[in-house]
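Below, each chain spelled out in residue letters.
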Amino acid sequence: MGVSRARVLIRVPLPQVWEFIIQPQNMHLWGPPKRPLTGFDRPMQAGDRLTWDRRDFLWNHRQVLLVEEVVPHHSLHLRDLSATGMNVTVTLSMEEAEDREATWIEEAIFY
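Residues numbered from 1 in each chain as written. Predicted model: local features only at pLDDT ≥ 70, side-chain atom pairs only at ≥ 80, totals over all residues. Heavy atoms only, no water.

With respect to a nonpolar patch on the surface
Here's step 1: Taken together, the side chains of Phe57, Leu58 and Trp59 present a nonpolar region at the surface, about 490 Å² in accessible area.
Here's step 2: With respect to the element layout, Leu58 can be found in the loop between strand 2 (49-55) and strand 3 (60-71). (Patch = residues over 30% accessible without salt bridge, like charges linked within 9 Å, V, L, I, M, F, W, Y side chains within 5 Å. Areas by Shrake-Rupley, 256 points an atom, 1.4 Å probe, with all protein chains shown as cover. Salt bridge = Lys/Arg side-chain N within 4 Å of Asp/Glu carboxyl O. Helix = DSSP H or I, 4+ residues; strand = E, 2+ residues; numbered from the N terminus.)

Take a look at the structure:
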């Protein structure tokens, strides 16, 4: 099993970061979709399935993510149900920095 991690400090307060990340219609701005997701009018919840058509360099395919766990103002856990032959999960974690006007964000992809 492998892990890919990225951590960054952004100059935005944690509540604003959380409200942006948890809305599925914003996912194309921070996640894999290339276009806004439609059909959602509420924040993501455990059990939600997010589906979109994805175009990579060589092929088109449908990607399906399952929202496994939502810990408000802390983390979002997703499982890629379309990853054939692999168990791929993503954890997006947030924590307030010492400067309350900034937030640490970490993305960890387990494969």
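Comments concerning the pattern of salt bridges
Here's step 1: Overall, the coordinates contain six salt bridges when judged by the stated rule.
Here's step 2: A salt bridge links Arg11 to Asp99; its shortest N-O distance comes to 2.5 Å. A residue pair is termed long-range when its members are at least 10 positions apart, and Arg11 in the loop between strand 1 (3-10) and helix 1 (14-21) and Asp99 in the loop between strand 5 (88-96) and strand 6 (103-110) qualify at 88 residues.
Here's step 3: Of the charged contacts, one joins Asp48 and Arg42 as a salt bridge, the two residues approaching to 2.7 Å between their closest N and O atoms.
Here's step 4: On the basis of relative accessibility, which here comes to 8%, the residue Asp48 falls in the buried class.
Here's step 5: Using a relative accessible area of 28% as the deciding quantity, one classes Arg42 as partly exposed. (Buried < 20%, exposed > 50% of the residue type's maximum accessible area, 1.4 Å probe, protein only.)

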